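# Chain and residue survey
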Amino acid sequence: QVQLVESGGGLVQAGGSLTLSCAASGSIFSINSMGWYRQAPGKQRELVATITSGGSTNYADAVKGRFTIIGDNAKNTVYLQMNSLKPEDTAVYYCRALVNYALQWGQGTQVTISS
């Protein structure tokens, strides 16, 4: 059984920074990609950033230049460094990973940006 555990959410002022982390644990023999999605109240869940095991990254236009996704293959962990945060970044952030060729989701962590 595989679990994704997120941490690092919280409340910060606009312009501030936060770093989220997501660690995969359990019976893992392969992780092809990991990433972050977010869901704001009343909105659909949307992609934030993804990274493959080879290091290729993809970002939503709304976060390019402000967020950085970093993968640590040895630790089965992915990080999301978020800078220059805006109130519109407020959402529940979910980790998603393709582990053992199956999609897994974390439980989500709340990020709130005050203006």
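Placed above this text is the structure.
Predicted model, so just to flag it, every value in this text is computed and none were measured.

### What to know about the overall build of the protein chain
Across its full length, the protein chain holds zero helices and 11 strands. Mapped in sequence order, the helices and strands of the protein chain form the string β-β-β-β-β-β-β-β-β-β-β. Taking 13 Å as the expected radius of gyration for a compact globule of 115 residues, we find that the protein chain reaches 13 Å, a close match to that expectation. In terms of its C-alpha atoms, the protein chain occupies a principal-axis envelope of roughly 45 × 25 × 20 Å. Taking contacts inside the protein chain between residues at least 6 apart in sequence as the whole, the part at least 24 apart equals 53%. Summed over all atoms, the accessible surface of the protein chain reaches about 6000 Å², with 47% contributed by carbon and sulfur. Between the centroid of the 8 positive side chains of the protein chain and the centroid of its 6 negative side chains there is a distance of 2 Å.

### Focus on the state of the cysteines
Applying the stated criterion across every chain, the model contains one disulfide. The disulfide that involves Cys-22 links it to Cys-95, with 2.1 Å between the sulfurs. Between Cys-22 and Cys-95 the sulfur-sulfur dihedral comes to about -80°; the bridge is accordingly left-handed. With Cys-22 in strand E3 (residues 18-26) and Cys-95 in strand E9 (residues 91-99), the pair connects residues that are 73 residues apart, well separated along the chain. Assigned by exposure class, Cys-22 and Cys-95 land together as buried.

### Some words on the nonpolar core
Counting residues in hydrophobic clusters, the biggest one holds 30 residues, and the most contacted among them are Met-34, Trp-36, Leu-80, Met-82 and Tyr-93. Only strand E1 (2-7), E3, strand E4 (31-39), strand E5 (46-52), strand E7 (67-72), strand E8 (77-82), E9 and strand E11 (109-114) provide two or more residues apiece to this core. Not counting residues up to four positions away in its chain, the partners in contact with Met-34 are Leu-4, Cys-22, Ala-24, Thr-50, Ile-51, Ile-69, Asn-76, Thr-77, Val-78, Cys-95, Arg-96 and Ala-97.

### Let's talk about the side chain of Thr-90
Structurally, Thr-90 can be placed in the loop between E8 and E9. Among the polar contacts listed, one links the side chain of Thr-90 to the backbone oxygen of Pro-87, at a separation of 2.9 Å. Looking at Thr-90, its side chain comes within polar contact range of the main-chain nitrogen of Ile-113, at 2.9 Å. Look past the residues within four positions of Thr-90 in its chain and what remains in contact with it is Ala-40, Gln-110, Val-111, Thr-112 and Ile-113.

### Thoughts on the sheet that holds E7
Spatial strand order, E1-E3-E8-E7: four strands in an open sheet with antiparallel pairing. Each end of this open sheet is capped by a strand with a single partner; those strands are E1 and E7. The sheet shows a mean angle of 15° between the axes of neighbouring strands, taken without regard to direction. In terms of strand pairing, E7 meets E8 through six bridges, oriented antiparallel. Within the sheet, the bridge partner assigned to Ile-70 lies in E8 and is Tyr-79.

What counts and how
- Residues numbered from 1 in each chain as written.
- Predicted model: local features only at pLDDT ≥ 70, side-chain atom pairs only at ≥ 80, totals over all residues.
- Heavy atoms only, no water.
- Helix = DSSP H or I, 4+ residues; strand = E, 2+ residues; numbered from the N terminus.
- Rg over C-alpha atoms; globule rule 2.2 N^0.38 Å.
- Contact = heavy atoms within 4.5 Å.
- Areas by Shrake-Rupley, 256 points an atom, 1.4 Å probe, with all protein chains shown as cover.
- Lys, Arg positive; Asp, Glu negative; His and termini not counted.
- Charge placed at Lys NZ, Arg CZ, Asp CG, Glu CD.
- Disulfide = S-S within 2.5 Å.
- Buried < 20%, exposed > 50% of the residue type's maximum accessible area, 1.4 Å probe, protein only.
- Core = buried A, V, L, I, M, F, W, Y, C linked by side-chain atoms within 4.5 Å.
- Polar contact = N/O pair within 3.5 Å; in protein donor to acceptor, adjacent residues only side chain to side chain.
- Pairing = 2+ DSSP bridges.
- Axes fitted to C-alpha atoms, helices over the stretch in contact; angles between N-to-C directions.

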